[in-house]
Amino acid sequence: MTIDFKGRVAIVTGAGGGLGKQHALALAARGAKVVVNDLGADVHGDGGSVSAAQAVVDEIRQNGGEAIVNGASVTDFEAVKAMVQQTMETWGRVDILVNNAGILRDKSFAKMEIADFRLVMEVHLMGAVHCTKAVWPIMQAQSYGRVMLTSSSSGLYGNFGQANYGAAKMALAGLMQTLSIEGEKHNIRVNCLAPTAATRMTEGLMSPEVLNALQPQAVVPAMLVMVSEEAPNRTILCAGAGSFEVAHITLTQGLHLGVTADTAERLAAALAQVKDPAGQVAPMSGSAQGSHEIAMANEAMAAVRH
């Protein structure tokens, strides 16, 4: 099976460098028409210029592909809607959205300014919301869409000094959970990529040997799979250094303790059993937790009656 994107139109945000650039180049190389979006800010979100994005467009065109540049900030919903309108006027459809734009404002939580927390949330979370909201009705109308959100191990598992970044990245996994359910009947599939790659955002954080192994190009195959015709739905695909894994948000089998005056004490004593990962599941919707809890309660009551 060859993955190709002939006839497809893709928007890639934060595509002026790093992972976004590699995503845009790879999609174009496989036949997609690509909107290369980048505000042109630095890694902290300051400044702005479309020169880097234009260079990516030029490279795509030099290799025989089709691409246009866009400098909208993903934090500006009106600018994002204008970008999508530009795409529709140019090519008449939007099939793929790769939400990749991001910044860092790393500090320990004690030292972090609220403004830095808020801005990171605005770029990563609301930026993805703006872009996805703008393309959603188009994808619904054409009964086809592939949306990729960029999460991170910092959100899934935590990382010192990245409370803002981690909160935003975990929120994107939550956004995916619901959008994948709502989009399914319209053939819109929504997935998350959790990449480990050497980009401007990791400079100075890792050794040269590690950075060399973590080339952005090694992450691109995961993106190509998640926005392809045969893409999965509701998958958190992790990728780095040519290795690939899937992360799950799971629910343990747990334990029914009832509601008594000493339930808290009994829960504290039984917490290891409640946390036991044996038999854990990845629920298909949030209602699964309540259904599981009620089922355990009913089993306990039935046991008492008999």
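Residues numbered from 1 in each chain as written. Predicted model: local features only at pLDDT ≥ 70, side-chain atom pairs only at ≥ 80, totals over all residues. Heavy atoms only, no water.

### Some details on the environment of N212
Next up, step 1: Along the chain, N212 falls in helix α7 (residues 208–213).
Next up, step 2: On the accessibility criterion, N212 (55% relative accessible area) is exposed.
Next up, step 3: Along the primary structure N212 and A241 are separated by 29 residues, whereas in three dimensions their C-alpha atoms are 8.8 Å apart. (Helix = DSSP H or I, 4+ residues; strand = E, 2+ residues; numbered from the N terminus. Buried < 20%, exposed > 50% of the residue type's maximum accessible area, 1.4 Å probe, protein only.)

### As for the nonpolar core
Next up, step 1: Among the nonpolar cores identified, the biggest contains 40 residues, and I11, L149 and V190 are the most heavily contacted of them.
Next up, step 2: Listed by contribution, the elements that provide at least two residues to this core are β1 (9–12), α3 (77–91), α4 (114–142), β5 (145–150), α6 (163–183), β6 (188–195) and β7 (236–240).
Next up, step 3: When residues of this core are assigned to their parent elements, the largest contribution, 10 residues, is made by α4.
Next up, step 4: Residues in contact with L149, not counting those within four places in the same chain, are N99, A128, T132, L172, L175, M176, V190, N191, C192 and L193.
Next up, step 5: Counting residues in hydrophobic clusters, the runner-up holds 33 residues, among them L19, A32, V36 and V57. (Core = buried A, V, L, I, M, F, W, Y, C linked by side-chain atoms within 4.5 Å. Contact = heavy atoms within 4.5 Å.)

### Here we look at the packing of α4 against α6
Next up, step 1: Direction vectors running N to C along α4 and α6 enclose 20°, while the axes themselves pass 8 Å from each other. Relative to α6, α4 is oriented roughly parallel. Here α4 and α6 pass one another in a crossing that is right-handed. Between α4, through D116, F117, V120, M121, H124, L125, A128, V129, T132 and W136, and α6, the contact on the second element is made entirely by A163, N164, Y165, A167, A168, K169, A171, L172, L175, L179, E182 and G183.
Next up, step 2: Of the residues in the contact of α4 with α6, the class split is 15 nonpolar, four polar and three charged. (Axes fitted to C-alpha atoms, helices over the stretch in contact; angles between N-to-C directions. Parallel < 35°, antiparallel > 145°, perpendicular 65-115°, else oblique. Left-handed = near helix turned anticlockwise from the far one by under 90°. Nonpolar A, V, L, I, M, F, W, Y, C, P; charged D, E, K, R; others polar.)

### Brief notes about the pattern of salt bridges
Next up, step 1: The final tally for this structure, using the stated rule, is seven salt bridges.
Next up, step 2: The residue E59 makes a salt bridge to K21 at a minimum N-O spacing of 4.0 Å. Of the two residues, E59 is situated in helix α2 (residues 51–62) and K21 in helix α1 (residues 18–29); the sequence distance between them amounts to 38 residues.
Next up, step 3: Its relative accessible area of 26% is what places K21 among the partly exposed residues.
Next up, step 4: A salt bridge links D116 to R105; its shortest N-O distance comes to 2.6 Å. Taken together, the residues span a long stretch of sequence, with D116 in helix α4 and R105 in the loop between β4 (96–99) and α4 at a distance of 11 residues. (Salt bridge = Lys/Arg side-chain N within 4 Å of Asp/Glu carboxyl O.)

### Details of the sheet that holds strand β2 (residues 33–37)
Next up, step 1: Read from one edge of the open sheet, eight strands run β3-β2-β1-β4-β5-β6-β7-β8, paired in mixed fashion. Strand pairing shows two members of the sheet lacking a second neighbour, β3 (67–70) and β8 (243–247), which therefore form its edges. Each strand of the sheet is rotated relative to its neighbour by a mean of 20°, with strand direction disregarded.
Next up, step 2: Strands β1, β4, β5 and β6 of the sheet are contacted by α4, whose axis makes an angle of about 175° with β4.
Next up, step 3: Sitting on the sheet, α6 is in contact with β5, β6 and β7, with an inclination near 160° to β6. (Pairing = 2+ DSSP bridges.)

### A word on the packing of α1 against α2
Next up, step 1: Remark: α1 packs on α2, axes separated minimally by 10 Å, with the N-to-C direction vectors making an angle of 20°. When the interaxial angle is binned, α1 and α2 end up roughly parallel. When the axes of α1 and α2 are compared, the crossing they make is right-handed. Packed against α1, whose contacting residues are K21, A24, L25 and A28, the element α2 presents V56, E59 and I60 at the interface.

### Comments concerning unusual backbone geometry
Next up, step 1: Of note, the phi angle at S143 is positive, near 55°, even though the residue is not glycine.
Next up, step 2: With respect to the secondary-structure elements, S143 resides in the loop between α4 and β5.
Next up, step 3: Residue S143 is classed as partly exposed on the basis of its relative accessible area of 42%.
Next up, step 4: If you check the backbone angles, A241 has positive phi at about 55° while not being a glycine.
Next up, step 5: Topologically, A241 is positioned in the loop between β7 and β8.

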